[in-house]
Amino acid sequence: MPAPLDIDQLQTFVAIVDTGSFTKAADKVFKTQSAVSMQMRRLEERIGKTLFIRDGRLNRLSEDGEKMLGYARRIIRLNNETITAFDEKHLEGSIRIGTPDDYADRYMPGIIARFAKSNPNVELYIECEPSGELAARLMRGELDVALVTHNPRARTSEVVRTEPLYWVTSMNHNVHENAVVPLAVGRRCCNWRNLACTALDSAGRDYQVLFTSWSATVVASAVLSGLAVSMLPECAVRPGMRILSPADGFPALQPAQIGLMKRPGAPTALVNAICGHIAASLDNITPASADTNVSGQGAAARREHRGRSDIAAVPAW
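Every value quoted in this text rests on a predicted model; they were computed, and no experiment measured them.

Peer 1: Looking at this structure, how should I read the environment of K31?
Peer 2: By secondary structure assignment, the location of K31 is in the loop between α2 (22-28) and α3 (33-47). According to the relative accessible area criterion, K31 is partly exposed, its value standing at 27%. For the pair K31 and T12, spaced 19 residues apart in sequence, the C-alpha to C-alpha distance is 9.2 Å. A polar contact is formed between the side chain of K31 and the side chain of D8, at a distance of 3.1 Å.

Peer 1: What's the story with the side chain of R205 in this structure? I'm lost.
Peer 2: Mapped onto the fold, R205 is located in the loop between α7 (191-203) and β9 (206-212). Buried and without a salt bridge, R205 has D206 as its closest oppositely charged side chain, separated by 7.5 Å. With near-sequence residues (within four places) excluded, R205 lies in contact with H176, N178, V181, L200, D248, G249 and F250.

Peer 1: Got a minute to help me understand the packing of aromatic side chains in this structure?
Peer 2: The way to describe two aromatic rings as a pair is by their centre distance and the angle between their planes. Overall, the coordinates contain four aromatic pairs when judged by the stated rule. Above the ring of F250, the side-chain terminus of R205 is found at 4.7 Å from the ring centroid.

Peer 1: How should I be thinking about the packing of helix α1 (residues 7-19) against α3 in this particular structure?
Peer 2: Pairs of packed helices are described in terms of their axes, by the angle between the two and the distance that separates them. Remark: α1 packs on α3, axes separated minimally by 9 Å, with the N-to-C direction vectors making an angle of 115 degrees. Accordingly, the angle class assigned to the pair α1 and α3 is roughly perpendicular. Handedness of the crossing formed by α1 with α3: left-handed. Contact residues: D8, Q9, L10, T12, F13 and I16 in α1; V36, Q39, M40, R42 and L43 in α3. Residues belonging to the contact of α1 with α3 are distributed by class as follows: six nonpolar, three polar and two charged.

Peer 1: Any chance you could explain the pairing of strand β10 (residues 230-233) here in plain terms?
Peer 2: By the alternation rule, side chains of β10 split into S230 and L232 and M231 and P233, which are all buried. Examined bridge by bridge, strand β7 (residues 165-170) and β10 share four bridges and lie antiparallel to one another. Bridging from a neighbouring strand, L165 pairs with P233 of β10.

Peer 1: Hey, could you run me through the side chain of R137 in this one?
Peer 2: Along the chain, R137 turns up in helix α6 (residues 131-139). According to the relative accessible area criterion, R137 is buried, its value standing at 12%. Polar side-chain contacts of R137 include one of 2.5 Å to the side chain of E127. Apart from residues no more than four positions distant in its own chain, R137 is found in contact with E127, E129, E142 and L143.

Cut-offs used in this document
Residues numbered from 1 in each chain as written. Predicted model: local features only at pLDDT ≥ 70, side-chain atom pairs only at ≥ 80, totals over all residues. Heavy atoms only, no water. Helix = DSSP H or I, 4+ residues; strand = E, 2+ residues; numbered from the N terminus. Buried < 20%, exposed > 50% of the residue type's maximum accessible area, 1.4 Å probe, protein only. Polar contact = N/O pair within 3.5 Å; in protein donor to acceptor, adjacent residues only side chain to side chain. Lys, Arg positive; Asp, Glu negative; His and termini not counted. Salt bridge = Lys/Arg side-chain N within 4 Å of Asp/Glu carboxyl O. Contact = heavy atoms within 4.5 Å. Phe/Tyr/Trp six-rings, centres within 6.5 Å; stacked < 30°, edge-to-face > 60°. Lys NZ or Arg CZ within 6 Å of the ring centre and 35° of its normal. Axes fitted to C-alpha atoms, helices over the stretch in contact; angles between N-to-C directions. Parallel < 35°, antiparallel > 145°, perpendicular 65-115°, else oblique. Left-handed = near helix turned anticlockwise from the far one by under 90°. Nonpolar A, V, L, I, M, F, W, Y, C, P; charged D, E, K, R; others polar. Pairing = 2+ DSSP bridges.

Right under this line is the structure:
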């Protein structure tokens, strides 16, 4: 029977990816940098594959490293859940979580399922509202944790996931070819709405906002019905949508970053537990299996995103 993988080595491996360097990872796992390097050599020897590729002064994940990352996170999460399951000091109480509805639809089912298994005595209150309102409610003490679109100009949050941001239209309609592009977007204070308008202005495209809603479901319906074009993060792209690229006359967009906010004074153990589950879950989620028609440079953008190491810094907007 093959010798089992070393959990400590896997935790160090994940720490390197999460922090972006061997040096920072050493501080996080309370080891020397030489010990971290030795652990990675032993892990590579154990699986017979190279996990990191030297790229100038940076280390980036190899293809095998990307593959190992998913397994490592799942093994660590299962290990932690097993320990928690036999811990007589189970967490108890309630915690209030806020999230936009598109994030709730894509992320919350997995987060809730895993958290409930290891913390059956914790009651979760989940509310869906736009990121700006969630941040305000958290500051007013009405929420304990908020999963929001990261926007350093408006609020402080810890980035836990980065996704491509796409222009989308209906796969069965050509509304994106209209001389005046009809848009389905959020309200006037929505960052993505402002980004969409600014991008189209810069590209010299005429547009008209035809549908305004905070609801991701309403926006998606307008797109799928062939009535409008919108801008969505990868998690919100659905079957029947087509991703547009610069070849279609729509400028490339910076990635969307998703952040966590914690209420000062909230129950530390509960907040840390749910935030840990959220961060781990978002790390493990793969893109939605939408049957999208990714054309031209849009397909290249997806491939580039898949191949980019998590170690590389991603700009926020």
